[in-house]
Amino acid sequence: MIIELHLLQSFPVSNLNRDDVGQPKTATFGGHVRGRISSQCLKRSARLLFNEHGLDTGETGVRTKRLLSKATELLAERGRDAEQAGEVVEAGLEVLGFAVNPATKLTQYLWFVGRQAIELLADFCDQHWDRLAVVAADKAAQKEKDKQDKDNSKTSKSKEAKPAKIKPSKEDLAAARSILDASRAADVALFGRMIADNKDFNVDAASQVAHALSTHAVVNEFDYYTAVDDLKPDAESGADMIGTVDFNSACYYRYANLDLARLTTNLGGDTDLAARAAKAWLAAFIHAVPSGKQNSMAARTMPDTLLGVVREHGAWNLANAFLAPVTDTDLMAGSTHRLIDHFAKLRGFYGATAIRQVAAASVTGTLELDDQDETVPTLEAFTTRILAAAQS
């Protein structure tokens, strides 16, 4: 079963997801500039809500480069010398195939792991302390030798030899698999993980998320603002701070889908956890609002139109409903009509044999669905219909 979620959500003055120069992200679609919210931004906004919608903290993962420092802290709490623990953990990460920057002590990659990974890494270092201490000492000695050789041959143009990379043993690889095991981390199972150096540790995502696009053409604007020093003498005038903040206002089409079979596989066949993860995914994506510039703009709106589809195979992103920008005065009503009409046309052309359930809901408008589809009055009714159809 595949769940598809289509949302229309209007935001007032906002800068939810900005680019490298601070402007709201955009994309050209249908020959017109549209407002855009990246899929990465939407996934993170949803992921941070999973624990509010039925998943325990231990059933979600963490994305981090700080495995070394956190495992070191844990070993120090267990009574190990903190300085030596840092050296041992760094050696342990190297033995396991995790590259570490020697200057920052951060891993090369932002690792997406289950929350038990840090404890398992500390356990591995504890169990192999003597061996890893030798590795750390050898590494330190080699570093000192390289430094002396460099000082003794400053005029030499020969390149400094790189230390040989440690090849993990079968036991080390088994430990790495245990540390990276994501079969209890619902968000890793949902959004996947790619590790370029070792494909054995990759996880194929069960959920696909599109970049949100405005249903109409958008022109970014800017707010010119000033600020005044509260303690300035009355005799002085003028602003003490001047600046600009970019923003836009847009009605976005959002789309995501979830492959329940892939999710269950990623979670090691645990159907109970898969069902709760699917429920959390659906609720979190509906409630997800990016955090960009919220303190100064408070663009805390909710989706107005929701369309859910449960199908046995295939997937339809309905963005082409807005290939020609919506120009109606009521953007939400016009966008909703386009969305429903485009879905009906696709179903009429390609057939509906794979579709098991269609449910829709609207906060403000009346939906004109086909007779076989269901309009529901509340969010609870919407999620209940979709999940029941997907899990039956």
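Residues numbered from 1 in each chain as written. Predicted model: local features only at pLDDT ≥ 70, side-chain atom pairs only at ≥ 80, totals over all residues. Heavy atoms only, no water.

Asker: I'm lost on unusual backbone geometry in this one. Help?
Answerer: With glycine set apart, most residues show a phi of negative sign, and most peptide bonds adopt trans. Of note in this structure, Lys293 is not a glycine but carries a positive phi near 55 degrees. Topologically, Lys293 is positioned in the loop between α9 (271–287) and α10 (294–297). With a phi close to 45 degrees, Ala298 is a non-glycine residue in the positive phi region. Within the secondary structure, Ala298 sits in the loop between α10 and β10 (305–311). (Helix = DSSP H or I, 4+ residues; strand = E, 2+ residues; numbered from the N terminus.)

Asker: Sorry if this is basic, but what is going on with the pairing of strand β2 (residues 26–29) here?
Answerer: Two faces, one strand: in a regular strand the side chains alternate between the faces of the sheet. Bridge analysis of β2 against strand β3 (residues 32–37) gives 4 bridges, and the strand direction is antiparallel. Pairing of Ala27 across the sheet is with Arg34, part of β3. In this structure, the hairpin formed by β2 and β3 is closed by a connection of 2 residues, where Gly30 is found at a positive phi of approximately 65 degrees. (Pairing = 2+ DSSP bridges.)

Asker: What am I meant to see in the packing of aromatic side chains here?
Answerer: In this description, an aromatic ring pair is defined by two values, namely the gap between the centres and the angle between the planes. Applying the stated criterion across every chain, the model contains 10 aromatic pairs. Seen in terms of ring centroids, Phe50 and Phe191 are 6.1 Å apart; in terms of plane orientation they differ by 20 degrees. Their pairing is stacked. With Phe50 in the loop between α1 (39–47) and β4 (61–64) and Phe191 in helix α7 (residues 186–191), the pair connects residues that are 141 residues apart, well separated along the chain. Plain terms: the ring middles of Tyr253 and Phe322 are 5.6 Å apart, the flat faces sit at 45 degrees to each other, and that makes the pair tilted. Of this pair, Tyr253 sits in strand β9 (residues 241–259) while Phe322 sits in the loop between β10 and α11 (331–350); the two residues are 69 residues apart in sequence, bridging distant segments of the chain. In this structure, Tyr253 and Phe322 share a single accessibility class: buried. The ring of Trp316 has Arg311 lying over it, and the distance from NZ or CZ to the ring centre is 4.4 Å. (Phe/Tyr/Trp six-rings, centres within 6.5 Å; stacked < 30°, edge-to-face > 60°. Buried < 20%, exposed > 50% of the residue type's maximum accessible area, 1.4 Å probe, protein only. Lys NZ or Arg CZ within 6 Å of the ring centre and 35° of its normal.)

Asker: Explain empty space enclosed by the protein to me, please; I cannot follow it from the model alone.
Answerer: Picture a little ball the size of a water molecule; that probe, rolled over the atoms, points out where space is still empty. Tallying each qualifying case throughout the model produces 2 cavities of 30 Å³ or more. Of the volumes computed, that of the largest cavity is approximately 60 Å³. For the largest cavity, the full set of lining residues is Leu5, Leu7, Leu42, Val209, Ala210, Arg254, Tyr255, Ala256 and Phe285. Contributing elements (two or more residues each) for the lining of the largest cavity: β1 (2–14) and β9. Sort the elements by how many residues they give to the lining of the largest cavity and β9 lands first, with 3 residues. A volume near 40 Å³ is recorded for the second largest cavity. Residue lining of the second largest cavity: Ser14, Asn15, Leu16, Asn17, Pro24, Lys25, Arg36, Ile37, Asn248 and Tyr252, and that is the complete set. Every element with two or more residues in the lining of the second largest cavity is listed here: β3 and β9. Of the residues contributing to the lining of the second largest cavity, the split by class is 4 nonpolar, 4 polar and 2 charged. (1 Å grid on protein atoms, 1.4 Å probe; cavity = no way out; pocket = protein on both sides within 12 Å on 5 of 7 lines; lining within 4 Å. Points joined across faces, edges and corners; volume = space filled by probe spheres on them. Nonpolar A, V, L, I, M, F, W, Y, C, P; charged D, E, K, R; others polar.)

By themselves, these are just geometric observations and shouldn't be taken as functional.
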